[in-house]
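# Chains, contacts and geometry: an overview
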Amino acid sequence: MATVEPTAGRVTIRQARRADVDAIVAMLADDELGARREKPGDSRYLTAFDALEADPREFLAVAELDGEVVGTLQLTFLAGLSRLGATRAQIEAVRVRSDQRGSGLGRVLIEWAIDQARQRGAALVQLTTDASRTDAHRFYERLGFVASHVGMKLALNQLYRSGTAPAARSDVGGPTDGAGPAATWRTSC
Ligand SMILES: CC(C)(COP(=O)(O)OP(=O)(O)OC[C@H]1O[C@@H](n2cnc3c(N)ncnc32)[C@H](O)[C@@H]1OP(=O)(O)O)[C@@H](O)C(=O)NCCC(=O)NCCS
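In what follows, the accompanying structure is described. (Residues numbered from 1 in each chain as written. Predicted model: local features only at pLDDT ≥ 70, side-chain atom pairs only at ≥ 80, totals over all residues.)

### Considerations on the overall build of the chain
A count of helical and extended segments in the chain gives six helices and six strands. Listed by position from the N terminus, the elements making up the chain come as β-β-α-α-α-β-β-α-β-α-β-α. The buried share among the 189 residues of the chain stands at 20%. For the chain, long-range pairs separated by at least 24 residues make up 57% of all intrachain contacts whose partners lie at least 6 apart in sequence. (Helix = DSSP H or I, 4+ residues; strand = E, 2+ residues; numbered from the N terminus. Buried ≥ 20, exposed ≤ 12 C-beta atoms within 10 Å, placed from the backbone. Contact = placed C-beta atoms within 7 Å.)

Below, the structure written as structure tokens:
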């Protein structure tokens, strides 16, 4: 996959580098839902970045404007047997920096991802978005996405429970850790 793609205006979309991780995490955290589950500065983000970078089915993208990271998304290519062995492209963790929202950057990012999916022969592009994100639903529908499925998730660790992220991996528990019913956990993008 090409790692650098010139896009509309002064925005460039490229593969994320290790040095971008802080800016990406800051965007993930700068959001009502993300603020409850992210922990900027935690070393686990760099470990996760290394795993993403080493995986040819993953592409962590950033949008750069005037040398600053102002948007991100993760594109994953999922192999499968169904639909005659179709590849699916999955979009996750979409964020535009809060001071840049509403200016068309999100559209540029998603259209770029769809184009990458087409180039790689994917048969469809899929994503989930938290049921509470009504602005984002309108955004995706305008880009052609159809809410044809009901997304279901099962949280397996405390990171997705309503509240703040645990301080360390040893704090991570499951539904039996006394933390409350799984139904109260948040598991969406
Ligand atoms: C959703 C998001 C990626 C869209 O990017 P963007 O650059 O703001 O979007 P564009 O300018 O291309 O398109 C504008 C549309 O985005 C949506 N949007 C705008 N501001 C938004 C915000 N603060 N939060 C959510 N959606 C927003 C609206 O649907 C808007 O259309 P409208 O003007 O009719 O209300 C971006 O706003 C964002 O990061 N929001 C917060 C996190 C989020 O919801 N991420 C998606 C998780 S799946």
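So much for the structure itself; the text now carries on.
### Let's talk about unusual backbone geometry
For Arg83, which is not a glycine, the phi torsion comes out positive at approximately 55°. As for its placement among the helices and strands, Arg83 is situated in helix 4 (residues 82–85). Given 10 C-beta atoms within 10 Å, Arg83 falls into the exposed group. At Leu84, a position not held by glycine, the phi torsion is positive, near 60°.

### Quick notes on the site of the ligand
Surveying the vicinity of the ligand reveals 18 residues, the closest of which are Arg101, Gly106, Arg107, Asp135 and Phe139. Sorting the residues of the shell around the ligand by element identifies strand 5 (88–96), helix 5 (105–119) and helix 6 (134–142) as the ones contributing at least two each. Tallying contributions element by element places helix 6 first for the shell around the ligand, with four residues. Tallied by class, the residues present in the shell around the ligand amount to six nonpolar, five polar and seven charged. (Near = placed C-beta within 6 Å. Nonpolar A, V, L, I, M, F, W, Y, C, P; charged D, E, K, R; others polar.)

### Comments concerning helix 1 (residues 21–29)
Regarding helix 1, the residues found buried are Ile24, Val25 and Met27. For helix 1, the arc enclosing every buried residue in end-on projection is 155°, short of the 170-degree limit, so these residues lie on one face. The inward-facing, buried residues of helix 1 contact helix 3 (44–54), strand 3 (58–65), strand 4 (68–78) and strand 5. (Arc of directions from axis to C-beta.)

### What to know about the environment of Gly41
Tracing the chain through its elements places Gly41 in the loop between helix 2 (34–37) and helix 3. A tally of 9 C-beta atoms within 10 Å means that Gly41 is categorised as exposed. For Gly41 and Val25, which are 16 residues apart along the polypeptide, the C-alpha to C-alpha distance reads 8.3 Å.

### Overview of the pairing of strand 3
Side-chain direction in a regular strand flips from residue to residue, so the side chains alternate between the two faces of the sheet. Sheet analysis places strand 2 (residues 11–15) next to strand 3, joined by five bridges and oriented antiparallel. Its bridge partner lying in strand 3, Thr12 is registered against Glu64. Bridge count for strand 3 against strand 4 is eight bridges, and the pairing is antiparallel. Its bridge partner lying in strand 4, Ala63 is registered against Gly71. What sits between the antiparallel neighbours strand 3 and strand 4 is a turn of two residues, in which Asp66 has the positive phi angle 50°. (Pairing = 2+ DSSP bridges.)

### Some remarks on the environment of Arg37
Counting through the fold element by element, Arg37 comes out in helix 2. Looking at Arg37, the number of C-beta atoms within 10 Å reads 20, which means it is buried.

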